[in-house]
Amino acid sequence: MIARNTICLWYDGTALEAAQFYARTFPDSAVGAVHRAPADYPSGKQGDVLTVEFTVIGIPCLGLNGGPAFQHNEAFSFQVATDDQAETDRLWNAVVGNGGQESACGWCKDKWGLSWQITPRALIAAITDPDPAAARRAFEAMMEMGKIDIAAIEAARRG
């Protein structure tokens, strides 16, 4: 059954590779149906993978091999809440270590240019602390980080 609301992500011939990576990397993720083009199209030939149905952490997605015309950018990202430093490290390292790149404040990009926010729940708790001084210290610590260091965030929160 087709989901009522599905995120469509554009790829340049690598939708299946991306979907397989996400399924291996993120919990509650899987590759579903792979659909091949019934005829030639501007960026492919009959029989090429045209679309891939997959889920990323329970979110239904469709990978479209639409060609190079449109690229991913930071205006869209997946925000992944993590429970501890080990999970934060594992996911960050998987995305960056598979041809991706680091960014700031818990953001990174995968090798297809899709942005990910690997966000420890401890970070959200710290920057929304009811004590404005604690929240500010945690926020300022985060602003200096690439991958989030939970121990450093908690230390900044405590002052």
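Residues numbered from 1 in each chain as written. Predicted model: local features only at pLDDT ≥ 70, side-chain atom pairs only at ≥ 80, totals over all residues. Heavy atoms only, no water.

**Q** Give me the pairing of strand 5 (residues 77–82): which residues, what numbers.
**A** In strand 5, alternate side chains face the same way, and those of Phe78, Val80 and Thr82 are buried while those of Ser77, Gln79 and Ala81 on the opposite face are not. Bridging between strand 5 and strand 8 (residues 115–120) involves six bridges; their strand directions are parallel. The residue bridging valine 80 from the neighbouring strand is isoleucine 118, located in strand 8. (Buried < 20%, exposed > 50% of the residue type's maximum accessible area, 1.4 Å probe, protein only. Helix = DSSP H or I, 4+ residues; strand = E, 2+ residues; numbered from the N terminus. Pairing = 2+ DSSP bridges.)

**Q** Please give an account of the side chain of threonine 82 that cites residues and values.
**A** Residue position: threonine 82 is located in strand 5. Residues contacting threonine 82, with those up to four places away along its chain left out, are Glu87, Thr88, Leu91, Ile118, Thr119, Pro120 and Arg121. (Contact = heavy atoms within 4.5 Å.)

**Q** Quick one: what's the story with the domain arrangement of the protein chain, residue by residue and with numbers?
**A** Under the domain assignment used here, the protein chain contains domain 1 (1–68) and domain 2 (71–158). Counting residues at the interface gives 17 residues for domain 1 and 15 residues for domain 2. Buried area between domain 1 and domain 2, summed over both chains or domains, comes out near 1300 Å², and the portion from carbon and sulfur atoms is 74%. Where domain 1 packs against domain 2, one counts one salt bridge. Here glutamate 17 and lysine 111 are joined by a salt bridge, their closest N and O atoms 2.6 Å apart. Counting across the domain 1 and domain 2 interface gives six residue pairs in polar contact (both at pLDDT 80 or more). Secondary-structure elements contributing two or more residues to the side of domain 1 that touches domain 2 are strand 1 (7–11), helix 1 (15–25) and strand 4 (59–65). (Domains from an automatic or database assignment. Buried area = accessible area lost by both parts, 1.4 Å probe. Salt bridge = Lys/Arg side-chain N within 4 Å of Asp/Glu carboxyl O. Polar contact = N/O pair within 3.5 Å; in protein donor to acceptor, adjacent residues only side chain to side chain.)

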